[in-house]
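Residue-level structural notes
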Amino acid sequence: MTVLKRMMAVAALALPMLVGAEEIGQVSTVFKFVGPNDRIVVEAFDDPKVDGVTCYLSRAKTGGLKGGLGLAEDRAEASIACRQVGPINFKGELKDGEEVFKERTSLVFKTMQVVRFLDKKRNTLVYLVYSDRLIEGSPQNAVTAIPIVPWAQ
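Residues numbered from 1 in each chain as written. Predicted model: local features only at pLDDT ≥ 70, side-chain atom pairs only at ≥ 80, totals over all residues. Heavy atoms only, no water.

We now examine the overall build of the protein chain. The secondary structure content of the protein chain amounts to two helices and eight strands. When the helices and strands of the protein chain are read in sequence order from the N terminus, they spell out α-β-β-β-α-β-β-β-β-β. For the protein chain, with 153 residues in total, the buried portion stands at 31%. By sequence separation, contacts in the protein chain at least 24 residues apart represent 48% of the contacts at least 6 residues apart. (Helix = DSSP H or I, 4+ residues; strand = E, 2+ residues; numbered from the N terminus. Buried < 20%, exposed > 50% of the residue type's maximum accessible area, 1.4 Å probe, protein only. Contact = heavy atoms within 4.5 Å.)

See below:
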């Protein structure tokens, strides 16, 4: 095995178990003559370590020529709502601040992330969405919480 293949294998193992989002819908916000319009996209993803939890994320996506080519930088604002959609079952130990979703929002330096916390005192899962940048992040964020309760059959 070459050194490059070994390094790629190690990097793949070091990456957290992240999920991709499924687009639920979108609305156009600004018409662009060239390329796609600016829009707000609503996406859903399931927590990879907690069965029975789905999060819904809405965020702006920049259109135009740069947006169509994947070169535009999306805005930092996002909204999140996570809900219990079935019996809650943990698939291993949860770590506070563990990343459950991450998506690039610029060509290289900016990402949007969702992290999870467990509020043991209140028996609640807390999800935080925020945007970060290699040099300077953004204080804009949103939070949602799910009380862990038995699922009615």
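Text resumes after the structure shown.
All right, on to the state of the cysteines then. Considering all chains together, one arrives at one disulfide under this definition. One disulfide bridge connects Cys55 with Cys82, the sulfur atoms lying 2.0 Å from each other. Judged by the sign of its S-S torsion, about 105°, the bond between Cys55 and Cys82 is right-handed. Here Cys55, found in strand β3 (residues 50-61), pairs with Cys82, found in strand β4 (residues 78-90); they are 27 residues apart in sequence, far enough to count as distant. In this structure, Cys55 and Cys82 share a single accessibility class: buried. (Disulfide = S-S within 2.5 Å.)

Once that is clear, we can look at the packing of aromatic side chains. What the rule picks out here adds up to one aromatic pair. Aromatic pair Phe45 and Phe101: ring centres 4.6 Å apart, planes at 10°, arrangement stacked. Separated by 56 residues along the polypeptide, Phe45 in strand β2 (residues 38-46) and Phe101 in strand β5 (residues 98-104) bring together distant segments of the chain. Given the relative accessible area of 2%, Phe45 is considered buried. (Phe/Tyr/Trp six-rings, centres within 6.5 Å; stacked < 30°, edge-to-face > 60°.)

Within the largest apolar cluster, 18 residues are counted, with the highest numbers of intra-cluster contacts made by Val53, Cys55, Ile80, Val114, Leu125, Tyr127 and Val129. Of all the secondary-structure elements, those providing two or more residues to this core are β3, β4, β5, β6 (110-119), β7 (124-133) and β8 (141-147). By residue number, the principal contributor to this core is β3, which donates four residues. Excluding residues within four positions of it along the chain, Val114 makes contact with Phe45, Ile80, Glu98, Glu99, Val100, Phe101, Tyr127, Leu128 and Val129. (Core = buried A, V, L, I, M, F, W, Y, C linked by side-chain atoms within 4.5 Å.)

Evaluation of the coordinates by the stated rule reveals six salt bridges. As a salt-bridge pair, Asp47 and Arg116 come within 2.7 Å of each other at their nearest N and O atoms. Taken as a pair, Asp47 in the loop between β2 and β3 and Arg116 in strand β6 lie far apart in primary sequence, 69 residues in all. Each member of the pair, Asp47 together with Arg116, is buried. A salt bridge links Arg122 to Asp119; its shortest N-O distance comes to 3.0 Å. (Salt bridge = Lys/Arg side-chain N within 4 Å of Asp/Glu carboxyl O.)

Time to look at the environment of Gly25. Mapped onto the secondary structure, Gly25 falls in strand β1 (residues 22-30). Separated by 16 residues in the primary sequence, Gly25 and Val41 have C-alpha atoms spaced 6.0 Å apart. Setting aside residues up to four positions removed in sequence, Gly25 forms contacts with Ile40, Val41 and Val42.

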